[in-house]
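# Structural overview
Here are the chains, one letter per residue:
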Amino acid sequence: MPNGIARINAPTNTRLAPDGVDTRVDVDVAVIDTGIDFTHEDFRNAVDGTSRILAIWDQGLSGTGTEAIVGADNSELAPAFTYGVVCDRAQITAETCAHKDTNGHGTHVASIAAGNLGVAPKADILVVNSIGTDGGNVIDAFQWVVAMAAKAGKPVSVNNSWGGHSGPHDGSDAASLAIDGYATLPGVVMMVAAGNEGEMKLHASGTGTSTFSFTPKNPAIKINVWYDADDIPTKGFASRPGWHAGDSPMATHIGEKSDPSLTAPDTRPANQVWAE
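Residues numbered from 1 in each chain as written. Predicted model: local features only at pLDDT ≥ 70, side-chain atom pairs only at ≥ 80, totals over all residues. Heavy atoms only, no water.

## A short note on helix 4 (residues 174-183)
Selection criterion: Note on exposure labels: buried denotes an accessible area under 20% of the residue type's maximum, exposed denotes more than 50%, and partly exposed covers the range between, all computed with a 1.4 Å probe on protein chains only. Secondary structure elements follow DSSP: runs of H or I of four or more residues count as helices, runs of E of two or more count as strands, with numbering from the N terminus. Each C-beta atom gives one direction from the helix axis, and the arc is the one those directions make. Contact between two residues is taken to exist if any of their heavy atoms lie within 4.5 Å; hydrogens are not considered.
When we look at burial in helix 4, the residues that qualify are Ala 175, Ala 178, Ile 179 and Tyr 182. Taken end-on, helix 4 shows its buried residues confined to a sector of 100°, consistent with a single buried face. The elements touched by buried residues of helix 4 are helix 3 (138-151) and strand 8 (188-192).

Take a look at the structure:
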């Protein structure tokens, strides 16, 4: 089975100009996802059995957090984050790290990007479990992996194979702005997933009094509403009468506003929400 750039047919792609070299590259690959199965042989050096993973930061574990990262000139590259647990290469090699990828998605994408049979089989790997935990913060993760690579004097490719449905989807949310900012730094490449849901009907819009129907897929439903500052709904946003926060579906009121008339008996279907 081919590995390296041959794994993605890069040598035969006439639009690229690869050098064809698949030996050690002085670059880090960072994977911000659900973590990694660091015990898997795909992430170990074949010669001595040591781990190719430079460090793991599990943001969901209870611990003392990270240390501040300082550059060669004693400038602070990243502050000390006071949450999560960091494992270094020695702990990872000895398999004494408490981290576990309980989802598997992070291991999957890390293997494609930088496993021994992946695209960059000789790169060092940095991992942050940020997506697989409720306490995760991807912006902190960006700063940490970029700082770790800068301290080592190496460029870094940061893989972000994740997405979400909250926010305006216009590039103005905090995570999008952070990705744009870090992508302008020398030696930093930010890789972002295109998504798997392009054909799904996930969004709706309307003016005046608008009603949106949906089919529940999970026990709990979260609805994210965006509107211009000049267009604040006069009667708020509510689900079918009788539903309350914590019920399924969940009722959400913009600015804690609600219309008492919405609590009266209503004949609208149970899978509708509306705003006025």
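## With respect to the packing of helix 3 against helix 4
When two helices pack together, their arrangement is given by the angle between the helix axes and by the axis-to-axis distance. Selection criterion: Helix axes are fitted only over the stretch in contact, all axes being lines through C-alpha atoms; the angle between N-to-C directions runs from 0 to 180 degrees. Each angle gets one of four labels, with under 35 degrees taken as roughly parallel, over 145 as roughly antiparallel, 65 to 115 as roughly perpendicular, and the rest as oblique. Crossing handedness is defined as follows: a turn of the near helix away from the far one that is anticlockwise and smaller than a right angle gives a left-handed crossing, while the clockwise case is right-handed.
Here helix 3 crosses helix 4 at 15°, and the two axes come no closer than 9 Å. Between helix 3 and helix 4, the angle is such that the two are roughly parallel. The crossing of helix 3 and helix 4 is right-handed. For the pair helix 3 and helix 4, the contacting residues are Val 138, Ile 139, Phe 142, Gln 143 and Val 146 in the first and Ala 174, Ala 175, Ala 178, Ile 179 and Tyr 182 in the second.

## Focus: the environment of Gln 143
Looking at the element boundaries, Gln 143 is found in helix 3. With 64 residues separating them along the chain, Gln 143 and Pro 79 place their C-alpha atoms 8.8 Å apart.

## Things to note about the state of the cysteines
Put simply, the rule reads: Any pair of cysteine sulfurs within 2.5 Å is marked as a disulfide.
One pass over the structure, following the stated rule, counts one disulfide. With its sulfur 2.1 Å from that of its partner, Cys 87 forms a disulfide with Cys 97. Judged by the sign of its S-S torsion, about 85°, the cystine formed by Cys 87 and Cys 97 is right-handed. Taken together, the residues span a long stretch of sequence, with Cys 87 in strand 5 (residues 85-88) and Cys 97 in the loop between helix 1 (89-93) and helix 2 (105-114) at a distance of ten residues. The pair Cys 87 / Cys 97 is uniform in exposure class, with both members buried.

## Digging into the sheet that holds strand 2 (residues 53-58)
Heads up, the condition is: Two strands qualify as a pair provided that DSSP identifies no fewer than 2 bridges between them.
An order of 5-2-6-1-7-8 is seen for the six strands of this open sheet, with the pairing classed as mixed. Across the chains shown, the open sheet's two edge strands, defined by having one partner strand only, are strand 5 and strand 8. The mean inter-strand angle of the sheet, taken between neighbouring strand axes irrespective of direction, is 15°. The sheet contact formed by strand 1 (residues 28-33) and strand 6 (residues 124-129) spans six bridges and is parallel. Looking at the pairing, Ile 32 lines up with Val 128 of strand 6. Across the face of the sheet, helix 2 comes into contact with strand 1, strand 6 and strand 7 (156-160) while running at roughly 160° to strand 1.

## Structural notes on the pairing of strand 1
Among the six residues that make up strand 1, six are buried, leaving the element largely enclosed by the rest of the structure. Burial along strand 1 is two-sided: Asp 28, Ala 30 and Ile 32 facing one way and Val 29, Val 31 and Asp 33 facing the other are all buried. Bridging between strand 1 and strand 7 involves four bridges; their strand directions are parallel. By the bridge assignment, Val 29 is partnered in strand 7 with Ser 157.

## Some points on the confidence of the model for the protein chain
Where we set the bar: Confidence of the predictor at the level of single residues is given by pLDDT, which spans 0 to 100.
When pLDDT is averaged across the protein chain, the result is 78; 67% of the residues are at 70 or more. Overall, residues 240-276 carries pLDDT values under 50, and its contacts beyond four positions in sequence, including any with other chains, amount to 85 contacts.

## With respect to the packing of aromatic side chains
Aromatic ring pairs are reported here in terms of the distance separating the ring centres and the angle at which the planes meet. Spelled out, the test is: By convention, a stacked pair of Phe, Tyr or Trp rings (six-membered ring in the case of Trp) has centres within 6.5 Å and planes under 30 degrees apart, an edge-to-face pair has planes over 60 apart, and any other such pair is tilted.
The tally for this structure, following the rule as stated, stands at four aromatic pairs. When the centroid spacing of 5.2 Å and the interplanar angle of 20° are considered together, the rings of Trp 57 and Phe 81 count as stacked. Of the two residues, Trp 57 sits in strand 2 while Phe 81 sits in the loop between strand 4 (76-78) and strand 5, which places them 24 residues apart along the sequence. Residue classification places Phe 81 among the buried positions, given a relative accessible area of 9%.

## Some details on the nonpolar core
In plain terms, the rule: Nonpolar cores are built from buried Ala, Val, Leu, Ile, Met, Phe, Trp, Tyr and Cys residues. Side-chain atoms within 4.5 Å join them into one set.
Ranked by size, the top nonpolar core spans 26 residues in total, and within it Ile 32, Phe 142, Trp 144 and Val 145 carry the most contacts. Taken together, the elements giving at least two residues each to this core come down to strand 1, strand 2, strand 6, helix 3, strand 7, helix 4 and strand 8. Of the residues forming this core, the biggest block, nine residues, is contributed by helix 3. Those residues in contact with Ile 32, other than ones at most four positions away along the chain, are Val 128, Ser 130, Ile 131, Val 138, Ala 141, Phe 142, Val 145, Val 158, Asn 159, Asn 160 and Trp 162. Grouped together as the second largest cluster of nonpolar side chains are 18 residues, Val 31, Ile 36, Cys 87 and Ile 92 included.

## Re the pattern of salt bridges
To be explicit about the condition: Salt bridges are identified by distance alone: a Lys or Arg side-chain nitrogen within 4 Å of an Asp or Glu carboxyl oxygen.
One pass over the full model with this rule turns up four salt bridges. Across the salt bridge formed by Asp 28 and Lys 154, the nearest N and O atoms sit 2.8 Å from each other. Of this pair, Asp 28 sits in strand 1 while Lys 154 sits in the loop between helix 3 and strand 7, and the two are 126 residues apart along the sequence. As far as burial versus exposure is concerned, Asp 28 and Lys 154 are alike and both buried. Put simply, Glu 95 and Arg 44 hold a salt bridge, and the shortest N to O gap is 3.0 Å. Taken together, the positions of Glu 95 in the loop between helix 1 and helix 2 and Arg 44 in the loop between strand 1 and strand 2 put the pair 51 residues apart, joining distant regions of the chain. Residues participating in the shared-partner salt-bridge network are Asp 28, Arg 89, Asp 124 and Lys 154.

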